[in-house]
Amino acid sequence: MIINNLLGASGISAASMSQLQNTQAGTTPSEATASFADFLKKAVESVASQEQNSHAVTDQFLVGKADVSDVMIASTKAELSLEMTAQVRNKVVEAYQEVMRMQM
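First, a word on what this report is: a plain description of the structure on this page. None of the values given here were measured: they were computed from a predicted structure.

This next bit is on the overall build of the chain. When helices and strands are tallied, the chain shows 4 helices and 0 strands. From first element to last, N terminus to C terminus, the chain shows the α and β order α-α-α-α. Residues classed as buried in the chain amount to 16% of the 104 residues present. Expressed as a percentage of contacts within the chain between residues at least 6 apart in sequence, the contacts between residues at least 24 apart total 56%. Accessible area of the chain: about 8,100 Å², with a carbon and sulfur share of 60%.

Encoded structure:
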């Protein structure tokens, strides 16, 4: 439930998550990489969109067209999206380092 809330706040839909999870076992590594790359690209674009929305709401607040609560909600969504992206990046780097430490 928490992951669904975070994904919703970051703009990533459950459908795109299920699409990523439902990749067939017969896919080639390059197809799986492309699918994962597309998923990450959409996630990063969503974070950028959240940030732009936060700036737009802040600008509306400055001219008196938005409430403080709208500004706080937009900035919190953008902050959570960025934090989640940073944590995913950290996990990917950790996984890469673990793979590099493997002995063949």
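Next comes the rest of the write-up.
For the coordinates displayed, the defined rule picks out 1 salt bridge. Among the ionic pairs, R101 bridges to E98, the shortest N-O distance being 2.8 Å. Residue R101 and its partner E98 are located together in helix α4 (residues 68-101), separated by 3 residues, close to a single helical turn. Among the residues examined, R101 registers a relative accessible area of 55% and is labelled exposed.

For the pair helix α3 (residues 29-62) and α4, the least separation of the axes is 9 Å and the interaxial angle reads 160°. In terms of their interaxial angle, α3 and α4 are classed as roughly antiparallel. For the pair α3 and α4, the crossing hand works out as left-handed. From α3, V47, Q50, E51, N53, S54, V57, T58 and F61 reach across to α4, where they touch V68, D70, V71, A74, S75, K77, A78, S81, L82 and T85. Of the residues belonging to the contact of α3 with α4, the class tally is 8 nonpolar, 7 polar and 3 charged.

About the cut-offs
Residues numbered from 1 in each chain as written. Predicted model: local features only at pLDDT ≥ 70, side-chain atom pairs only at ≥ 80, totals over all residues. Heavy atoms only, no water. Helix = DSSP H or I, 4+ residues; strand = E, 2+ residues; numbered from the N terminus. Buried < 20%, exposed > 50% of the residue type's maximum accessible area, 1.4 Å probe, protein only. Contact = heavy atoms within 4.5 Å. Areas by Shrake-Rupley, 256 points an atom, 1.4 Å probe, with all protein chains shown as cover. Salt bridge = Lys/Arg side-chain N within 4 Å of Asp/Glu carboxyl O. Axes fitted to C-alpha atoms, helices over the stretch in contact; angles between N-to-C directions. Parallel < 35°, antiparallel > 145°, perpendicular 65-115°, else oblique. Left-handed = near helix turned anticlockwise from the far one by under 90°. Nonpolar A, V, L, I, M, F, W, Y, C, P; charged D, E, K, R; others polar.

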